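Summary of the model geometry
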Amino acid sequence: MMRSSGDEADVAGPVSLSRSPDKQLPAQATLHNEFVVATPASTDSDGSSVQHCNKLSNHSKGLILCLLGVLVLSPDTLLIRLIDDSHSDDDEAGSGSSATSNTTGTNVTRPVTSDDDELSTFTLLFWRFLTFDVGIVVMTVVVYVWHYGRLPTSTVVTTSLNKIWHVAPLKLVAFTILNSSLGQVCFTFSVINTKVANTLVVIATSPMFAAGYSWLLLREVPPVRTLVAMAVSVTAIVLVFAGDLGGDGTVGDVLAAVTANSMGLNFVMLRLLSQRAPSVSLVEPVLLLNGLLIVVVSAAAGADPGSPSGMEWLWLWLQGSTVLAVAFFALSHGPRFLPAPEVSLLLLLETVTGPVWVWLALGEEPPELTLVGGLLLLGTLCVHSVFALRDERRKESHADKQDQQDRLDAVEHSDPEFQKSTDV
């Protein structure tokens, strides 16, 4: 289902990073068709405006989106530490209970498991995803304004939702939302019930789950380079957290495995949805409903929305509405262009870049093994991406040559003069 250039109501398609000179998004510039990156417009000799765009390969599009998402997501570690420090200061002034963090400055702290901490966990989930939904709404509006140069009207919103309702595979959408919400909740409670290092090492296996589900649901077999990169990446993550592994946290480890499974499956489901409903973007409604479901569950489980105080409000809003919203908005569009295992691999970069932010802001220097593991992971993903881009360029070059040969054959069989010249 393609968009006509004058149909303002038909705006359910996905985002693009370009905008046409007349502020209407051309059908070929949608994210799941010809993704383009805008460059400054110039003027022809006759005075007409010309929009210059650099066309990117599918792999380049996916890399840009995923790396953007990981870059924006990387300060999440620091923000969680700042929230925890603010909460710990309040606890010391009150009941005296506090949370502890691992020495590597990793993604989340490990609170002491008590009823009060469980309540604060649901409160954190409540505000984390309420502000996340606010950020997704803002991102969606910003993208629309970038495309069309005006705010969406109520008619546009109603028509877009109606189109999604009739085009989207609703059962798959519902399953994707439930799976994503399960992963988010299990991640939070895994950290409470085991060491952070254990949680993150187990989650590093998510690309393997993604590879399995890609083969099962999409019949996409990952290339050898991706399988090798997975093995090296898991080794790198183990090195990063080698000093903190261990402890008796079976429940937390199991929850971490559920999280890894959920993460791998989530990227596969997003890729599957983009194939089943290519005329609409289901990323935004999936993200919004995912956040809304967690907010409702957290409120029902006993969240106290009024408990944050002081600087906690700033960190919570910055984390949810900016860091998480922008990051997952970009990462969730990545599977349109990259296989799910590769998206999961790129997401592992956040695990090793997070401690760097903590180091720079709070002065917590990571151990040497953390730096070695981080460099190993970074080098592995760089080499993997270079080989992937090289292979895609070879495929595109071969396809171009084949296309030229087909055209030449067509001319040869249809043009008698051409046949005579070749005979001579």
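Summarised in this report is the structure supplied together with it. In this text, all values refer to a predicted model and were calculated from it rather than measured experimentally.

The rules behind these values
- Residues numbered from 1 in each chain as written.
- Predicted model: local features only at pLDDT ≥ 70, side-chain atom pairs only at ≥ 80, totals over all residues.
- Heavy atoms only, no water.
- Patch = residues over 30% accessible without salt bridge, like charges linked within 9 Å, V, L, I, M, F, W, Y side chains within 5 Å.
- Areas by Shrake-Rupley, 256 points an atom, 1.4 Å probe, with all protein chains shown as cover.
- Salt bridge = Lys/Arg side-chain N within 4 Å of Asp/Glu carboxyl O.
- Helix = DSSP H or I, 4+ residues; strand = E, 2+ residues; numbered from the N terminus.
- Buried < 20%, exposed > 50% of the residue type's maximum accessible area, 1.4 Å probe, protein only.
- Expected span 1.5 Å × (residues − 1).
- Arc of directions from axis to C-beta.
- Axes fitted to C-alpha atoms, helices over the stretch in contact; angles between N-to-C directions.
- Parallel < 35°, antiparallel > 145°, perpendicular 65-115°, else oblique.
- Left-handed = near helix turned anticlockwise from the far one by under 90°.
- Contact = heavy atoms within 4.5 Å.

**Focus: a nonpolar patch on the surface**
- Residues V134, V138, V142 and W317 make up a contiguous nonpolar surface patch of roughly 320 Å² in combined accessible area.
- It is helix α3 (residues 115-148) that contributes the most residues to the nonpolar patch, 3 residues altogether.
- On the secondary structure map, V138 appears in helix α3.
- Residue class for V138 comes out partly exposed when judged on its relative accessible area of 47%.

**Points about helix α8 (residues 224-240)**
- For α8, with 17 residues, the first-to-last C-alpha span of 25 Å sits near the 24 Å given by 1.5 Å per residue.
- Those residues of α8 not exposed but buried are T226, A229, M230, S233, V234, A236, I237 and V240. In a view along the axis of α8, the buried residues occupy a sector of 165 degrees, so they form one face of it.

**Considerations on unusual backbone geometry**
- If you check the backbone angles, R219 has positive phi at about 55 degrees while not being a glycine.
- Within the secondary structure, R219 is located in the loop between α7 (206-218) and α8.

**Quick word on the packing of helix α9 (residues 250-276) against helix α12 (residues 340-347)**
- Two elements in contact, α9 and α12, have axes separated by 9 Å at closest approach and are oriented at 130 degrees. In terms of axis orientation, α9 runs oblique to α12. When the axes of α9 and α12 are compared, the crossing they make is right-handed. The segment α9 lies against α12, with M263, G264, F267, V268 and R271 engaging A340, V343, S344 and L347.

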